[in-house]
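If you want the building blocks of each chain, they are given just below.
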Amino acid sequence: MCGERIILSKPFKMGITKQYLRYVPLKNFNIVCHPDCNIVFVTLNGISDRYVAVGACENVIIWDLRLEKLVMTIEDEDMKNNTSKKISVVKLATTPESKHIAVGYSDGLVNTFNLATGELIGTFQGHRSAITALTYDTHGHMLASGSKDTEAVIWDVIAEKGLHRLSGHKGVVTGVQFINKHNLVVTSSKDTYIKFWDLTTGHCFKTLAGHITEVWTLSILRNDDFVVAGSNDAELRTWKISKMNDEESEIKMSELLSSDNLLDFASSIKCEKSGSLMREGPGRVVSSATDNTNHVLCVHGHGKLLDGDGEALERLRNRQRKFRKKASKRGENDEDIAFLNEKNPALQDVVRRLPPILTDYKIKSADLVVNQTHVKVVVSMADNTLAFYSVSLAVGKEVKRIRKISLHGHRSNVRVLAFSSDNLAVFTGGAESVKMWNKKSLNCIRTVETSSPVQCLCVVPGDRHILAGLDDGKLLVIDIAAGDIIESISAHLKNLKSIYMLPDELGCITGGGDSTVKLWQLELVILPNTDRKVLSLLHLKTLELDENVQCSRVSPDNKLLAVALLDNTVKIFFMDTFKHFIDLYGHTLPVNDMDISSDSSIIITASGDKTIRIWGLDYGDCHRRLTTESTLTSIKFIPKTHQFFTTDKNGNVKHWDADVFERVLTLQGHRGECYNMSVSGNGHYIVSCGQDNVIRLYEKTEEPLVLEDEREEERTQEDEKELATGEETNVYGGPSVLALPTKKTISSEKAAELLLECLNVIKEYKDSLLENETKGLDKPSLPIIMTAELEEVLLLMPFSSVCYFMEALIPLLNHMHHGIEPVVRSLIFLVQTLHKPISSVKDMMPILRQLNVLATKKTNEFRDLVGENLHSLMFINNSQEEEELVFNITQNVQKKRKRQKQKLLKTVIVNI
């Protein structure tokens with residue numbers, strides 16, 4: 001072995017990546033109607049006055065007014081899975097047949113869904129801010145949307161593309177309505193103007209300036225004859241719309257030159273001020289709604305009063321008849337009075353006021369349907385309730401309330417949550433009540449009214465009682481089965497902020513704003529004059545402190561008591577003697593919540609200084625300080641682990657690992673502040689509440705989650721928020737900004753890159769083809785041409801690539817038949833948009849002439865092919881219908897003859 005060296009080394013160990021199981025959103029509940037979204041009647045199973053659709057954060061829910069239950073939830077899966085998007089539904093509109101529903105979101109997105117199945121049909125991206133107006137035309141083929149970006153967009157629902165972008169208002173668009181009789185669109189805005197737009201050209205041809213302040217509502221009544229607009233006062237201004245006659249449209253040149261209002265002369269319709277309707281309620285108009293026939297209008301303000309108006313025509317004849325009687329008594333000549341010669345009714349003859357509806361709370365939205373005898377009105381209110389009213393069309397009848405949906409949600413924001421010990425129920429506390437929910441069905445089982453807002457909740461072992469701490473310092477003992485308050489104890493002088501059950505389940509501790517922590521023992525007390533035993537609390541001892549208590553916790557081994565104080569510190573005491581052990585210093589703002597791990601080794605604190613601190617309970621040392629982007633509101637450990645969840649004022653629910661000091665996952669949070677959160681005993685479910693008044697339930701799945709992959713996905717979502725080329729669409733050699741109905745997105749930028757790559761591939765293929773021909777080799781294989789979008793994609797291409805792209809369209813037109821539409825569409829769009837720079841290039845003129853000839857020829861061929869196929873299919877269909885008709889007639893004749901034979905046979909047998 002001489003000369004050989006033996007080297008000893010330790011074996012290399014590869015690190016194992018730690019994996020977690022993903023938590024995903026499961027369901028939302030506690031929301032009956034969202035105050036930021038309107039309410040609409042929908043038709044399901046052929047019934048039009050029974051179901052209503054309302055917005056519920058990012059979802060749309062449909063209520064059955066007769067059974068008072070939730071029957072359907074419409075949700076977009078992309079929004080459910082995207083944690084970086086926090087948008088909510090702000091506008092709803094249904095087609096006249098109520099087959100589809102259009103949903104407008106707070107980020108400017110518009111989605112259309114099938115009402116029968118809840119499936120997503122189309123997505124329209126054209127606005128940069130929240131949708132404020134949404135409506136369908138009478139056929140349901142076009143959709144108009146208005147937004148806070150001061151623009152309105154007309155969409156083709158069938159082709160799923162934008163038709164026109166209506167730019168002209170200087171304020172938020174508050175209303176959009178179709179006037180189908182004249183092929184027009186009317187828009188109203190906060191800039192005090194009402195504008196009329198031509199649907200063919202997309203241009204504004206008339207502006208009404210009859211308002212001094214903002215226009216808040218816009219309605220079209222009575223066969224598109226009247227425009228009604230509401231403003232900051234109680235007056236609803238009304239205009240009559242009519243087609244201009246040929247005589248009225250012939251204007252002398254002298255009149256045209258001497259007039260200041262050229263738009264009125266150029267318009268094809270005539271708008272005449274026909275009067276005003278006065279509301280009974282004070283303040284500005286908030287919203288208005290009409291029925292499907294546009295004959296009944298209801299409006300409301302910020303109060304509790306809902307006004308209704310219905311139309312009638314016979315009243316003009318009645319007024320003329322009464323006036324003629326009075327004139328004859330006075331001896332006046334009927335022919336000299338102009339009023340008696342009027343044939344068109346005035347506004348006071350057309351409109352009849354219906355009885356007003358007085359609600360229990362402030363109205364946020366309303367909708368109505370009309371049958372032969374009644375008007376049925378549904379109202380959404382600011383206290384998370386729905387009310388259903390019936391108004392008779394007969395004179396002198398009163399308003400009748402039919403239903404009220406209120407048990408399925410709290411009247412105000414939920415502040416505290418708790419799971420039952422068997423994880424089958426969820427308890428929530430709000431400003432007015434404590435509710436018990438079934439976790440599986442999410443139905444409200446019990447409701448207990450309270451005298452003061454609930455600050456904290458604790459479920460007593462056995463799931464038969466709840467302890468609730470109130471804002472006035474009282475401690476309530478609630479019997480779940482009976483739904484009653486057994487006892488109300490004055491536990492603290494000020495608000496009771498914390499209740500925590502002891503690990504031995506024999507008592508609890510409470511902390512309040514009177515700078516005390518109290519220890520209580522559970523006991524059964526016999527009620528006087530009865531043998532019934534009820535649960536009660538016996539006060540054992542009190543811990544006096546120098547500052548107000550924010551929250552308190554007991555370690556699972558029942559040895560230590562942790563109390564967070566208003567002086568930014570957390571004090572640790574021995575549980576048996578209440579003697580001081582250690583102080584935890586470090587936070588610059590008070591600790592809002594804290595929790596102790598199941599092995600009693602570490603304590604985590606969440607503070608208003610946007611930090612999480614992980615401490616050791618043996619020496620009180622800080623293991624790590626984690627920084628977040630917002631103030632933390634609650635923190636909870638997952639049982640039997642060192643993983644925990646936090647909530648903050650940005651509405652986020654985040655998953656952390658205290659062993660590796662890293663954030664694991666960010667769940668889809670709340671719109672606004674997230675108040676509180678609770679983790680189930682088995683760690684499989686999480687429930688959270690927030691400012692958006694919705695309670696979100698999350699579920700643990702079997703899907704593994706790797707931190708590196710999760711961070712990469714988050715970076716991708718962040719990159720997609722910003723456009724590389726900016727938000728505006730610039731045109732080479734044209735206007736500075738082109739107002740397309742669509743919106744530039746990340747997908748259009750990527751599609752432009754793919755299209756440029758396709759052009760480069762075509763160039764390389766042509767070069768290789770020419771080279772192979774010179775060398776006598778075989779033709780190279782054809783490359784795979786990638787698909788791309790159109791208008792926005794074409795505008796992102798440089799001008800040199802546009803010229804080459806148009807040249808590459810010639811072989812496509814020579815060989816293509818079925819795909820002729822996108823080629824011709826691209827050609828027409830580029831010529832219209834880039835006409836000046838293209839016509840200035842001499843080499844492009846022969847190409848344009850050749851494209852013109854080929855496009856015309858191929859379009860005619862394709863049109864003839866489609867017509868031939870259409871009529872062939874119609875012929876085949878008619879032939880099949882005739883064959884089926886002959887077959888049915890033959891079958892019926894044979895059956896008839898068979899029955900006659902059987903009848904004759906029976907008759908012969910009877911005679912024999």
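Within an unreviewed UniProt entry, the label attached to the chain reads Small-subunit processome Utp12 domain-containing protein, and the organism entered is Aphis glycines. Word for word, the UniProt comment on the chain under Sequence similarities (unreviewed entry) is "Belongs to the WD repeat WDR3/UTP12 family." Turning to the chain, the UniProt record has this under Subcellular location (unreviewed entry): "Nucleus, Nucleolus".

Caption draft 1: Representation of the overall build of the chain. The secondary structure content of the chain amounts to 13 helices and 56 strands. Taken over 912 residues, the chain has a buried fraction of 48%. Sequence-distant contacts, at least 24 apart, represent 49% of the contacts inside the chain between residues at least 6 apart. Surface exposure of the chain reaches about 46,600 Å², of which carbon and sulfur atoms provide 52%.

Caption draft 2: How the structure looks around unusual backbone geometry. The phi dihedral of Asn30 is positive, around 80 degrees, even though this residue is not glycine. The residue Asn30 is located in the loop between β1 (19-29) and β2 (40-44) in this model. Since its relative accessible area comes to 1%, Asn30 is described here as buried. Positive phi values are uncommon outside glycine, yet Asn568 reaches one of about 75 degrees.

Caption draft 3: Spotlight on the UniProt feature "repeat: WD" (unreviewed entry) in the chain. As annotated by UniProt and renumbered to match this structure, "repeat: WD" (unreviewed entry) occupies residues 124-165, 166-207, 208-249, 407-447, 489-523, 584-625 and 667-699. The span residues 489-523 is 0% helical and 63% strand by assignment, and the distance between its end C-alpha atoms comes to 14 Å. Secondary structure across residues 667-699 comprises 0% helix and 55% strand; the distance between its end C-alpha atoms is 11 Å.

Caption draft 4: The packing of helix α10 (residues 799-815) against helix α11 (residues 820-833), seen in detail. Put simply, α10 and α11 touch, their axes get as near as 11 Å, and they point 150 degrees apart. Taken together, α10 and α11 sit at an angle that is classed as roughly antiparallel. The crossing of α10 and α11 is left-handed. Across the interface between the two elements, Val802, Phe805, Met806, Leu809 and Leu813 from α10 touch Ile820, Val823, Val824, Ser826, Leu827, Leu830 and Val831 from α11. Among the residues making up the contact of α10 with α11, the classes are represented as eleven nonpolar, one polar and no charged.

Caption draft 5: Structural context of a negative patch on the surface. Residues Glu881, Glu882, Glu883 and Glu884 make up a contiguous surface patch of negative charge. Mapped onto the elements, Glu881 comes out in helix α13 (residues 844-911). A relative accessible area of 45% means that Glu881 is categorised as partly exposed.

Caption draft 6: Region of the structure containing the pairing of strand β37 (residues 484-490). Across six bridges, the pairing between strand β36 (residues 474-479) and β37 is antiparallel. Directly across from Asp479, in β37, lies its bridge partner Asp484. Where β36 hands over to β37, the hairpin turn is made up of four residues, of which Gly483 adopts a positive phi near 70 degrees.

Caption draft 7: Layout of the environment of Ala387. Relative to the assigned elements, Ala387 resides in strand β28 (residues 385-392). Through-space distance from the C-alpha of Ala387 to that of Ser406 is 8.7 Å; in sequence the pair is 19 residues apart. Beyond its immediate sequence surroundings of up to four residues, Ala387 is in contact with Val377, Val378, Val379, Met381, Arg401, Arg403 and Lys404.

Caption draft 8: Focus on the packing of aromatic side chains. A complete count under the given rule lists eight aromatic pairs for this structure. Pairing Phe574 with Phe581 gives two aromatic rings, centres 5.1 Å apart and planes at 45 degrees, and the pair type is tilted. Relative to Phe644, the ring of Phe637 has its centre 6.0 Å away and its plane inclined at 75 degrees; by these criteria the two rings are edge-to-face. Here Phe637 matches Phe644 in class, with each residue buried. Linked through ring pairs, Phe637, Phe644 and Trp656 together constitute an aromatic cluster. Its guanidinium or amino end placed over the ring of Tyr675, Arg415 lies 3.8 Å from that ring's centre, counting from NZ or CZ. Directly above the ring of Phe578 sits Lys541, whose terminal nitrogen or CZ lies 4.6 Å from the centroid.

Caption draft 9: A look at the confidence of the model for the chain. For the chain, mean pLDDT is 83; residues scoring 70 or higher make up 82% of the total. Counted against residues more than four places away or in other chains, residues 1-15, with its pLDDT under 50, gives zero contacts. For the stretch residues 311-316, pLDDT sits under 50, and the model shows 22 contacts to residues farther than four places along the chain or on other chains.

Caption draft 10: Looking closely at the pairing of strand β10 (residues 131-136). Most of β10 is tucked away: six of the six residues are buried. In terms of strand pairing, β10 meets strand β11 (residues 142-147) through five bridges, oriented antiparallel. Opposite Ala133, over in β11, you have Gly146 as the bridge partner. With antiparallel pairing between neighbouring strands as the criterion, β10 and β11 make up a hairpin whose turn holds five residues, including Gly140 at a positive phi of roughly 75 degrees.

Caption draft 11: Spotlight on the side chain of Thr516. With respect to the helices, strands and loops of the structure, Thr516 is situated in strand β40 (residues 516-526). Engagement of the side chain of Thr516 in a polar contact is seen with the side chain of His492, the distance being 3.1 Å. One polar contact links Thr516 to Asp514, side chain to side chain, over a distance of 2.8 Å. If near-sequence neighbours (up to four positions away) are discounted, Thr516 is found in contact with His492, Thr510, Gly511, Thr542, Leu543, Glu544 and Val549.

Caption draft 12: Local environment of the sheet that holds strand β4 (residues 59-64). In space, the four strands of this open sheet follow the order β2-β3-β4-β5, with antiparallel pairing throughout. Every other strand in the sheet has two partners, leaving β2 and β5 (69-74) as the edge strands with one partner each. Strand-to-strand, the axes of this sheet are offset by a mean angle of 40 degrees, without reference to chain direction. Strand direction decides the pairing type here: β2 and strand β3 (residues 47-56), joined by four bridges, are antiparallel. Bridging across to β3, Leu44 finds its partner in Ile47.

Caption draft 13: Just the nonpolar core, in detail. In terms of nonpolar packing, the biggest core is built from 21 residues, with Met806, Leu813 and Leu851 touching the most fellow members. Of all the secondary structure elements, the ones that give two or more residues to this core are α10, α11 and α13. Ranked by residues supplied to this core, first place goes to α10 with eight residues. Here Leu813 is in contact with Ile820, Val823, Val824, Leu851, Leu854, Ala855 and Lys858, once residues within four sequence places are set aside.

So, how was this worked out
Residues numbered from 1 in each chain as written. Predicted model: local features only at pLDDT ≥ 70, side-chain atom pairs only at ≥ 80, totals over all residues. Heavy atoms only, no water. UniProt positions renumbered as here; feature names shortened; annotations may be inferred. Helix = DSSP H or I, 4+ residues; strand = E, 2+ residues; numbered from the N terminus. Buried < 20%, exposed > 50% of the residue type's maximum accessible area, 1.4 Å probe, protein only. Contact = heavy atoms within 4.5 Å. Areas by Shrake-Rupley, 256 points an atom, 1.4 Å probe, with all protein chains shown as cover. Axes fitted to C-alpha atoms, helices over the stretch in contact; angles between N-to-C directions. Parallel < 35°, antiparallel > 145°, perpendicular 65-115°, else oblique. Left-handed = near helix turned anticlockwise from the far one by under 90°. Nonpolar A, V, L, I, M, F, W, Y, C, P; charged D, E, K, R; others polar. Patch = residues over 30% accessible without salt bridge, like charges linked within 9 Å, V, L, I, M, F, W, Y side chains within 5 Å. Salt bridge = Lys/Arg side-chain N within 4 Å of Asp/Glu carboxyl O. Lys, Arg positive; Asp, Glu negative; His and termini not counted. Charge placed at Lys NZ, Arg CZ, Asp CG, Glu CD. Pairing = 2+ DSSP bridges. Phe/Tyr/Trp six-rings, centres within 6.5 Å; stacked < 30°, edge-to-face > 60°. Lys NZ or Arg CZ within 6 Å of the ring centre and 35° of its normal. pLDDT = per-residue confidence, 0-100. Polar contact = N/O pair within 3.5 Å; in protein donor to acceptor, adjacent residues only side chain to side chain. Core = buried A, V, L, I, M, F, W, Y, C linked by side-chain atoms within 4.5 Å.

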